[in-house]
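Report on the structure
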Amino acid sequence: MDSLSYSSMKSMLIQARGSLNSRLSEFEPLALVLTPLITLFLARVIGSVLGVVHEKGLKACLVEFIMGFFKKIPGVQRYIDAEKQKVVDQLQSGGSSKKNNWCKELPVKGLGSQVLEKMETEKRNDPTWQGKCSGTVYIGGSECEGHFTLINQACSMFAHTNPLHIDVFQSVVRFESEVVAMTAALLGSKETVSGEQICGNMTSGGTESIVLAVKSSRDYMKHKKGIKRPEMIIPESGHSAYDKAAQYFNIKLWRVPVGKDFRADVKAMRRHINRNTILIVGSAPGFPHGIIDPIEELGQLALSYGICFHVDLCLGGFVLPFARKLGYQIPAFDFSVQGVTSISVDVHKYGLAPKGTSTVLYRNHEIRKHQFVAVTEWSGGLYVSPTIAGSRPGSLVAGAWAAMMSLGEEGYLENTRKIMEASKRLEEGVRGISELFVVGKPDMTIVAFGSKSLDIFEVNDIMSSKGWHLNALQRPNSIHICVTLQHVPVVDDFLQDLREAVETVKANPGPITGGLAPIYGAAGKMPDRGMVNELLVSFMDSQY
């Protein structure tokens, strides 16, 4: 029976082959070879086009194609470049003329100690920042007294140390370990649910902390799942440092719109997860609006798919733990949440440490090992480095340690009480201005506001003319202030100036001379985001 079945099948295959050969004999041999190759090529092209459309959206792709076509018309590109330069010049606000006086080579004869006098002169020419800048300076009071003086002395004491040399500068190495351990203790490292293996390193700032967390997640997921074409998913409100990491490490980045409450949309993020996903991201709070993402829900999402989950606590790390102790209703945000694999925390913000100090923390050593770079084949010897920088300023590590040890829990509690109360007063004051609306419901120390009846960027220009330095936002068009200890005594001054600015724009709508409202407004509406990108790059290129 088996022999009969085999013979029948063989006979059918022979007949089918003969029939197929007979039909194919009608075509040229070259056509038979080229047709599948051309079909495969077209399929690859169509697949690539559909992939780009899926990634950027149909509208963005059409705009990019049309703009690319017009730029090829003679004279159009030159016109665009000229207009772009006008915008850059306006953004510079006379910056190029100041550069004419910049030193471009070494002085023939050194200035000696007189260089300090020159530096004092240059510093006096800087704009006034005390109490006038959104974020920027987080320590309160005058920089000639109190906590400022303590930090300056600590940094000066260790100005010539370098934690790269762990056998020489052992005190600085200890300081770094203790800063990391104390920061981790604020974020759940002592709780059993954390796994009690929280570890990390100090970095130069929030961006480096985020970049390292992304790098570690990429390499960890490659080791764990073999992912070679990594993708990560962040809310639209996620920090731009993730874009930088995506460009550095060749990771596809998906920016997902937030919900109506301006928090990460968990369901929308779930829809973007696929077999190449290595990482999802949440913020506590997000930089634009001071709103905490649903960290617990995102943690469960990460757990269910077996992927990494990073929480950006660069702003909230030294506020939220103390705000919770003060009785504020703060949702879960740290390593007590299952699924969180890494956290970034800036010590140089509300930790009141010197600029250039942050920490990146991991749930366990297995993940952190993928942050390190070890080199075994260098003629200079065996080499291993924990962060992006090799040599690092031990002065900043010492300054961070001094800040945390000098303030202690009681100091941070008192500071948090002051800034949280000031933030709530400021938020209530903004809500009391009928022409303005507060974006969402801020959880922390950032108050973002816009307007449905006025150009908010014109309001920002008036505030700038009064000496305030605020952050311009988009989607929706708005501005925000990040409240620090510098603002505690000037909340009423800010609100008074804001009321006057609103009244000025109401009475005289339209841009003021030298104002940036037209540029911000146009950038927000410009469909060709590639052109906005070029503007930003040209502006940055002109600054140095």
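So, here's what we can say about the structure. (Residues numbered from 1 in each chain as written. Predicted model: local features only at pLDDT ≥ 70, side-chain atom pairs only at ≥ 80, totals over all residues. Heavy atoms only, no water.)

1. Here we look at the environment of methionine 202
By the element assignment, methionine 202 lies in strand 1 (residues 199-203). Along the backbone, methionine 202 and valine 180 are 22 residues apart, and their C-alpha atoms lie at a distance of 6.8 Å. (Helix = DSSP H or I, 4+ residues; strand = E, 2+ residues; numbered from the N terminus.)

2. So, the sheet that holds strand 10 (residues 437-438)
Read across the open sheet, the 4 strands follow the order 10-11-13-12; overall the sheet is antiparallel. Every interior strand has two partners, whereas the edge strands, strand 10 and strand 12 (471-473), have only one. Pairing between strand 12 and strand 13 (residues 478-482): 3 bridges, direction antiparallel. Opposite alanine 472, over in strand 13, you have isoleucine 479 as the bridge partner. Along the sheet, helix 15 (residues 394-431) makes contact with strand 10, strand 11 (446-450) and strand 13, crossing strand 11 at roughly 10°. (Pairing = 2+ DSSP bridges. Contact = heavy atoms within 4.5 Å. Axes fitted to C-alpha atoms, helices over the stretch in contact; angles between N-to-C directions.)

3. Looking at helix 15
For helix 15, spanning 38 residues, the distance from its first C-alpha to its last is only 45 Å, which falls clearly below the expected 56 Å at 1.5 Å a residue. Within helix 15, the axis deviates most sharply at glycine 408, by approximately 85°. (Expected span 1.5 Å × (residues − 1). Bend = angle between axes of the 7 residues up to and from the residue.)

4. With respect to the sheet that holds strand 7 (residues 358-362)
In space, the 7 strands of this open sheet follow the order 1-7-6-5-4-2-3, with mixed pairing throughout. With partners counted over all chains shown, the strands left at the sheet margins are strand 1 and strand 3 (252-256), one partner each. Shown here is a sheet whose adjacent strand axes are inclined to one another by a mean of 20°, direction ignored. Its contacts with the sheet place helix 9 (residues 206-225) against strand 1, strand 2 (231-235), strand 4 (277-283), strand 5 (308-312), strand 6 (342-346) and strand 7, and it is angled at close to 20° to strand 7.

5. Structural notes on a nonpolar patch on the surface
A surface patch of nonpolar side chains, about 1,000 Å² in accessible area, is lined by Leu30, Val33, Leu34, Leu37, Ile38, Phe41, Leu42, Val45, Ile46, Val49 and Leu50. Within the secondary structure layout, leucine 34 lies in helix 2 (residues 29-56). (Patch = residues over 30% accessible without salt bridge, like charges linked within 9 Å, V, L, I, M, F, W, Y side chains within 5 Å. Areas by Shrake-Rupley, 256 points an atom, 1.4 Å probe, with all protein chains shown as cover. Salt bridge = Lys/Arg side-chain N within 4 Å of Asp/Glu carboxyl O.)

6. Here's the deal with the pattern of salt bridges
Inspection of every chain in the model, using the stated rule, returns 16 salt bridges. Across the salt bridge formed by arginine 392 and glutamate 176, the nearest N and O atoms sit 3.0 Å from each other. Here the residue arginine 392 occupies a position in the loop between strand 9 (383-385) and helix 15, and glutamate 176 occupies one in helix 8 (residues 170-186), the gap between them amounting to 216 residues. In this structure, arginine 392 and glutamate 176 share a single accessibility class: buried. The salt bridge partner of arginine 417 is glutamate 414, with a shortest N-O separation of 2.4 Å. Linking arginine 417 with glutamate 414, this pair stays in helix 15, spanning 3 residues, or about one helical turn. With a relative accessible area of 30%, arginine 417 lands in the partly exposed category. Each of the salt bridges in this network shares a partner with another, and the network as a whole consists of Lys215, Arg218 and Asp219. (Buried < 20%, exposed > 50% of the residue type's maximum accessible area, 1.4 Å probe, protein only.)

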